[in-house]
Amino acid sequence: MKTVDQGLAREFGLTADEYAKLLGIMGRTPSLTELGIFSVMWSEHCSYKSSRVWLKTLPTTAPWVIHGPGENAGVVDIGQGLAAIFKMESHNHPSFIEPYQGAATGVGGILRDVFTMGARPVANLNALRFGSPENPNTRRIVDGVVRGVGGYGNCVGVPTVGGEINFHPSYDGNPLVNAMTVGVARQDRIFLSAAAGIGNPVVYVGSRTGRDGIHGATMASAEFDEDAQAKRPTVQVGDPFVEKLLIEACLELMATDAIVAIQDMGAAGLTSSSVEMAGKGGVGIDLDLDAVPQRETGMTAYEMMLSESQERMLIVIRPDRADMARAIFDKWELDFAVIGHLTDTGHIVVRHQGRVEADIPLAPLADEAPLYRRPTAPSPAPAPLGAMHDPVGIEDALVTLIGCPDIASRAWVWDQYDSTVGGQTVRRPGAADAAVVRIEDTTLGLALTTDCTPRYVAADARLGGAQAVAEAWRNLTAVGARPLAVTDNLNFGNPEKPEVMGQFADAIAGMGEACRALDFPVVSGNVSLYNETRQPDGSTVSILPTPAIGGLGVLEDAGSAIGIGLKDGQELVLLGATAGALGQSLWLREIHGREDGAPPSLDLAAERRTGDFVRERILSGAVSACHDLSDGGLLVGIAEMAMAGEVGIKLDVPASGISPHAYWFGEDQGRYLLCVDDAAGLIERARRAGIEARPLGRTGGDGLTLPSGATISLARLRTAHRAFFPALMDR
Amino acid sequence: MKAGIVVFPGTNRERDMAIALKGASGRAPAMLWHRETALPDLDLVVLPGGFSHGDYLRSGAMAAHAPIMRAVRDFAARGGYVLGVCNGFQILTEAQMLPGALLRNAGMRFLSHDCRLRVERADTVFTRGWSQGDQFRAPMAHGDGNYAADPDTLDRLEGEGRVAFRYADGNPNGSARAIAGVFSDDLRICGLMPHPEDLVDPLMGGIDGKPLFDGLVEAFVQ
């Protein structure tokens, strides 16, 4: 038996000050189990101790927000008495150690956060960041993560409809796997986690508890070193079949009046679920670990309390409904065990084999949890990019960009994800700027996207944070949806480094500005810090700061959603101002091999004005296809629309006064391409609304014809676009 | 048309199938739990897609031994019609109600994209909504769709006109003779890998799968 002292506390991730605070609360040396409970509840992952002061500054309310941050997931009103429940969560560290299980359990965990609130999951998305394609490890990690996401999502029968993928060397030793789930529930059937009712039984359902994932939350709160592989035992193993049964059994139970409170056992398993449920309800909880269904023999209280075995839920139930509830779980062949009850002591008391293994007052465990306002240091402002020459010409640059890792077709990935199960997928991956899923038995559509441009955030965190929010809002707008709310997944490096904390604070400030300007509040989220890799020489490599934004919007009529594919015989119009901003552009990176300059600026008032105009035009029926401009700029956006619609275009562009490469590949923000019958009418309306608009040319044929007269065939573009993933993965 | 859909633990396309059947017949199908031992009065039993029992042993192997499968077998023996899609097709081969087996896709990866199917014969209740040689689009979503049988069995299936559907644009999963679906010897049981039930609404991208369900309804009305 290990001796509990400050040395062991340090091994468990607690600082000397935190351990002293623990001693003050307990008034004695804690048991090993108690130390374990404190260490996970006070870990960065569970306590948000470095991020809370900043997260509080984000806007979280709107008339349509039903539950903001603080519950298992965010809840928004989508009309017709229904609510969308959604959240995004990271599983970064496990996905480097064991890519398949890391990604799979990431999907499983976020699904539980959503169905624990009473929602049937209707869509999954995932935002993935991998290391350089040249790094020999990248292929293995991409393969495992994609198989893991698919292996879990396909089996549970929730369509994977969207997401994003970036490659950058900063993710070589620390890929990002951010999984998002969206569910739908009746507004009068939303389940919360605050326990109530002294004496009410506490029920454990789902998989049995094993020794997997012990201290996963602590592992997720430290940077990686060269011994990362030795941490494999802290990675959990997923069972999507049990998850599917758990979804059906919980939803069946939720149709009754049996449940008082419910929470999934996610990070820190039984500890966090019991502590949070009792803590939120202001009650005490007694747990009898002898009653916990176990898959291994000889487990200690410490192991059971810290296990992160997957597919488990904790439910406080009405005592008179226990038999009925047990019958439902028997039907689905899932374990169902009463493992404790609520008390009026305000303590969590854990008993095992006749001994009290832990007895902790809950209020101070939560109220006195560490909270740090860590020092921040500003990042140097990026030096402006001077005038850039064009070494390759427009044609070659387009072909290079359309096939580069960050723009190339993701079909190789999507083709491994079931995107149609459920029979409600209106717009599949790649067909539109946001995925669109109809809500069964209604006309409502949900539009879903995930977005972030990490290289912008690295160059200017405030701007990059705002840009990520604006990009998500734009993608929802471009299908015709009304953007409602955001879930965020904030992936950063070591918060104890002032420059990283500075990036974090600045990115949140930028996100907050954009969320306020666009009426697009944050309703749920997750923070992942310590995304750094220690090199053998002792230096550390931090990821590009990556505040991934998951956006959700609604369409009254899912049938009014439009995609990006050009239609033949129409006109293409560009809305929004073009200045030719090449700083931090993909053109600069792919053609010049440079990652510098200032990212394109953002005008949130113009953003709002342009987006609202675009949405109104789409819903009026005047627009047949719409695409917002992002990575790669105008010509890449046109090429993507042409490939999606299998229709070419003859570009006939009035002189802009901007050099051609800056015009075609600059990444100026707040712009949309609209395919319409009546270009002149659209442009006139836009001018009246104070929005810059330009005709780009008439659609038709099977190539992109540039104003110079040169034509790039769609076949050539398609070949370049599709080559990257198979070349990387199938060699 | 009175249809019933069997739900096994891990089945996940039962709602898609119910939508397609109800859309064609105007009548919600009965949902049948795998532990039941008797069927209600039905024209058609459907085994839908999913991952029954997680497909942890072999796809469909556990479900083939579910209590309800004895009733389904008896129903078929009495002349009832049975449709198995994806995992349902796998279950029917594991139950030896259809010949052959579905192996891991040749590329060893899960495949989820639209494929084109060719209708090999149109004089069955399952294919009467098409003409022979018609091609239609259907979403695929499977890891184990590589149809395999010994050469004699394949020759017999071809000779007896028991190939229902073939992949018409390449052979995405490596199936023997590009077979995507087969019939039993009495043409009353049909299994196929792709999902016509997910393409019955223009909003979801097309109605290519609708003739299967409209044809079934017509057959049972007569």
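In short, a report on the structure. (Residues numbered from 1 in each chain as written. Chains lettered and ligands numbered in written order. Predicted model: local features only at pLDDT ≥ 70, side-chain atom pairs only at ≥ 80, totals over all residues. Heavy atoms only, no water.)

### Concerning the sheet that holds strand β13 (residues 355-361) of chain A
Paired through their backbone hydrogen bonds, the strands of a sheet run either parallel or antiparallel. All names here are of chain A. Defined as follows: For two strands to pair, DSSP has to find at least two bridges joining them. Numbering goes from the N terminus for both helices and strands, where a helix is a DSSP run of H or I of at least four residues and a strand is a run of E of at least two. Helix axes are fitted only over the stretch in contact, all axes being lines through C-alpha atoms; the angle between N-to-C directions runs from 0 to 180 degrees. Only heavy atoms enter the contact rule, under which two residues are in contact if any of them lie within 4.5 Å.
With mixed pairing, the seven strands of this open sheet are ordered in space as β8-β10-β7-β11-β9-β12-β13. The open sheet has two edge strands with one neighbour each: β8 (259-264) and β13. Put simply, the sheet's adjacent strands are angled 20 degrees from each other on average, direction ignored. Both strand β7 (residues 201-206) and strand β10 (residues 312-317) contribute to a ladder of five bridges, which runs antiparallel. The residue bridging Val205 from the neighbouring strand is Met313, located in β10. This element, helix α10 (residues 240-254), spans β7, β8 and β10 of the sheet and lies at about 15 degrees to β10.

### Comments concerning the nonpolar core
Under the convention used in this document: The definition of a nonpolar core used throughout is a set of buried Ala, Val, Leu, Ile, Met, Phe, Trp, Tyr and Cys residues joined through side-chain atoms within 4.5 Å. Burial status follows relative accessibility: with a 1.4 Å probe on protein chains alone, a residue under 20% of its type maximum counts as buried, one over 50% as exposed, and anything between as partly exposed.
Residues Leu44(B), Phe126(B) and Phe165(B) are the most contacted members of the largest nonpolar core, which totals 71 residues. Ranked by the residues each element gives to this core, the list is headed by helix α5 (residues 210-221) of chain B, at six residues. Counting 65 residues, the second largest nonpolar core, distinct from the first, contains Leu58(A), Val479(A), Tyr530(A) and Val573(A).

### Some points on the pattern of salt bridges
Residues and elements named next belong to chain A. Put simply, the rule reads: Salt bridge criterion: a side-chain nitrogen from Lys or Arg within 4 Å of a carboxyl oxygen from Asp or Glu.
Summed over the entire model, instances satisfying the criterion amount to 61 salt bridges over all chains. A salt bridge links Glu248 to Arg120; the shortest N-O distance between them is 2.9 Å. Of this pair, Glu248 sits in helix α10 while Arg120 sits in strand β4 (residues 120-130), placing them 128 residues apart in sequence. For Glu248, a relative accessible area of 11% translates into the label buried. We classify Arg120 as partly exposed; its relative accessible area is 24%. Among the ionic pairs, Glu471 bridges to Arg474, the shortest N-O distance being 3.1 Å. Here the residue Glu471 and the residue Arg474 both occupy positions in helix α18 (residues 461-477), the gap between them amounting to three residues, near one helical turn. For Glu471, a relative accessible area of 6% gives the class buried.

### Quick word on the state of the cysteines
Residues and elements named next belong to chain A. Where we set the bar: Two cysteine sulfur atoms make up a disulfide if the distance between them is within 2.5 Å.
According to the stated counting rule, one finds zero disulfides over all chains in the structure shown. With no disulfide of its own, Cys404 lies closest to Cys452 among cysteine sulfurs, the gap being 17 Å. The cysteine Cys626 is free of any disulfide, with Cys675 supplying the nearest cysteine sulfur at 10 Å.

### Concerning the side chain of Asp433(A)
All names here are of chain A. Note the following rule: Pairs of N or O atoms within 3.5 Å make up the polar contacts considered here, provided that, within protein, one atom can donate a hydrogen while the other can accept it, and that residues adjacent in sequence are counted only when both atoms are side-chain atoms.
Counting through the fold element by element, Asp433 comes out in the loop between β14 (425-427) and β15 (435-438). Separated by 2.6 Å, the side chains of Asp433 and His627 make a polar contact. For Asp433, the residues in contact, after removing those within four places along its chain, are Thr449, Asn475, Ala478, Val479, Ile564, Cys626, His627 and Asp628.

### Details of empty space enclosed by the protein
Residues and elements named next belong to chain A. How we decide: The pocket and cavity definitions rest on a 1 Å grid over protein atoms only: a 1.4 Å probe that fits but cannot leave marks a cavity, an open set with protein on both sides within 12 Å along at least five of seven lines marks a pocket, and residues lining either have an atom within 4 Å of a point. Grid points are joined across faces, edges and corners, and a volume is the space filled by probe spheres set on the points. Each residue receives one of three labels: charged for Asp, Glu, Lys and Arg, nonpolar for Ala, Val, Leu, Ile, Met, Phe, Trp, Tyr, Cys and Pro, and polar for the others, Gly being one of them.
Scanning the model with the defined rule gives three cavities of 30 Å³ or more in all. Counted as a void, the largest cavity has a volume near 60 Å³. Forming the boundary of the largest cavity are Asn166, Phe167, His168, Tyr171, Asp406, Pro454, Arg455, Leu544 and Arg589. Of all the elements in the fold, those that place two or more residues in the lining of the largest cavity are β5 (160-167) and α17 (454-459). Residues of the lining of the largest cavity, tallied by class, amount to four nonpolar, two polar and three charged.

### Concerning the interface of chain B and chain A
Operational definition: When two parts are put together, the accessible area they lose, computed with a 1.4 Å probe and summed over both, is reported as buried area.
The interface is formed by 29 residues belonging to chain B together with 36 residues belonging to chain A. With both sides pooled, the region where chain B packs onto chain A buries about 2700 Å², and carbon together with sulfur makes up 49% of that total. Ranking the residues of chain B by area buried against chain A places Arg109(B), Leu203(B) and Met204(B) at the top, with a combined share of 25%. Counting across the chain B and chain A interface gives six salt bridges. In this structure, Asp201(B) and Arg438(A) form a salt bridge, with 3.1 Å as the shortest nitrogen-oxygen distance. It is helix α1 (residues 14-25) of chain B that provides the largest number of residues to the side of chain B that touches chain A, a total of three residues.

### Remarks on the sheet that holds strand β3 (residues 82-90) of chain A
Residues and elements named next belong to chain A. Pairing is mixed in the open sheet, where six strands are placed in the order β1-β2-β3-β6-β4-β5. Strand pairing shows two members of the sheet lacking a second neighbour, β1 (65-67) and β5, which therefore form its edges. For this sheet, the mean inter-axis angle between neighbouring strands, taken without regard to orientation, is 25 degrees. Alignment of β4 against β5, held across seven bridges, turns out to be parallel. Looking at the pairing, Arg129 lines up with Asn166 of β5.

### A few points about the packing of helix α2 (residues 16-26) of chain A against helix α3 (residues 32-41) of chain A
Residues and elements named next belong to chain A. Note the following rule: Orientation categories follow fixed angle ranges, with anything under 35 degrees roughly parallel, anything over 145 roughly antiparallel, 65 to 115 roughly perpendicular, and all other angles oblique. Note on convention: near helix rotated counterclockwise from far helix by under a right angle means a left-handed crossing. Clockwise means right-handed.
Relative to each other, α2 and α3 sit at 125 degrees, their axes nearing to 11 Å. Taken together, the axes of α2 and α3 lie oblique to each other. Taken as a pair, α2 and α3 cross one another with a handedness that is right-handed. Contact with α2, carried on its side by Tyr19, Leu22, Ile25 and Met26, involves Glu34, Leu35 and Phe38 of α3 and no other residues of that element.

### Notes on unusual backbone geometry
The phi dihedral of Glu311(A) falls on the positive side, at around 60 degrees, and the residue is not glycine. Considering the arrangement of structural elements, one finds Glu311(A) in the loop between α12 (301-306) and β10. At His53(B), a residue that is not glycine, the phi angle is positive and equals roughly 55 degrees. Position of His53(B) relative to the elements: it lies in the loop between β3 (44-47) and α2 (67-77). Take His53(B): its relative accessible area is 15%, and that puts it in the buried class.

### Considering the packing of aromatic side chains
For the record, the criterion: Two aromatic rings, drawn from Phe, Tyr or Trp (for Trp, its six-membered ring), form a pair once their centres lie within 6.5 Å of each other, and the interplanar angle then sorts them: stacked below 30 degrees, edge-to-face above 60, tilted otherwise. Our definition puts a charge over a ring when NZ of Lys or CZ of Arg is within 6 Å of the ring centre and also within 35 degrees of the ring normal.
Going through the model one piece at a time under the given rule, you end up with 19 aromatic pairs over all chains. Through a chain of ring-to-ring contacts, the aromatic side chains of Phe130(A), Phe167(A), Trp412(A), Phe724(A) and Phe725(A) assemble into a single cluster. One Lys or Arg, Lys331(A), reaches over the ring of Trp33(B) and ends 4.8 Å from the middle of that ring. The lysine or arginine in question, Arg482(A), covers the ring of Trp64(A), its NZ or CZ lying 5.7 Å from the ring centre.

### Some remarks on the packing of α3(A) against helix α11 (residues 269-281) of chain A
All names here are of chain A. Contact geometry of α3 with α11 gives a least axis separation of 10 Å together with a crossing angle of 75 degrees. Regarding the angle of α3 to α11, the classification is roughly perpendicular. Here Ile37, Val40 and Met41 of α3 come into contact with α11, specifically with Thr271, Ser272, Val275 and Glu276. Along the lines of polarity and charge, the residues of the contact of α3 with α11 split into four nonpolar, two polar and one charged.

### Some details on the pairing of strand β12 (residues 347-352) of chain A
Residue and element names in this part refer to chain A. Pairing between strand β9 (residues 284-288) and β12: four bridges, direction parallel. Looking at β12, one finds that Asp288 is bridged to Arg351. One ladder, built from six bridges, connects β12 with β13; its direction is antiparallel. The partner of Arg351 across the bridge, within β13, is Val356. Following β12, the chain reverses through two residues before pairing antiparallel with β13; Gln353 in that reversal takes a positive phi of roughly 50 degrees.

### Some thoughts on the pairing of strand β2 (residues 74-79) of chain A
Residue and element names in this part refer to chain A. The sheet contact formed by β1 and β2 spans two bridges and is antiparallel. Looking at the pairing, Val65 lines up with Val76 of β2. Counting the residues between successive antiparallel strands, the hairpin from β1 to β2 contains six residues, one of them, Gly70, with a positive phi of roughly 120 degrees. Strand direction decides the pairing type here: β2 and β3, joined by five bridges, are antiparallel. Following the sheet pairing, Val76 is matched in β3 by Ala84. Between β2 and β3, which follow one another and run antiparallel, lie two residues, and Gln80 among them has a positive phi close to 55 degrees.

Function cannot be read off these values alone, since they describe shape.
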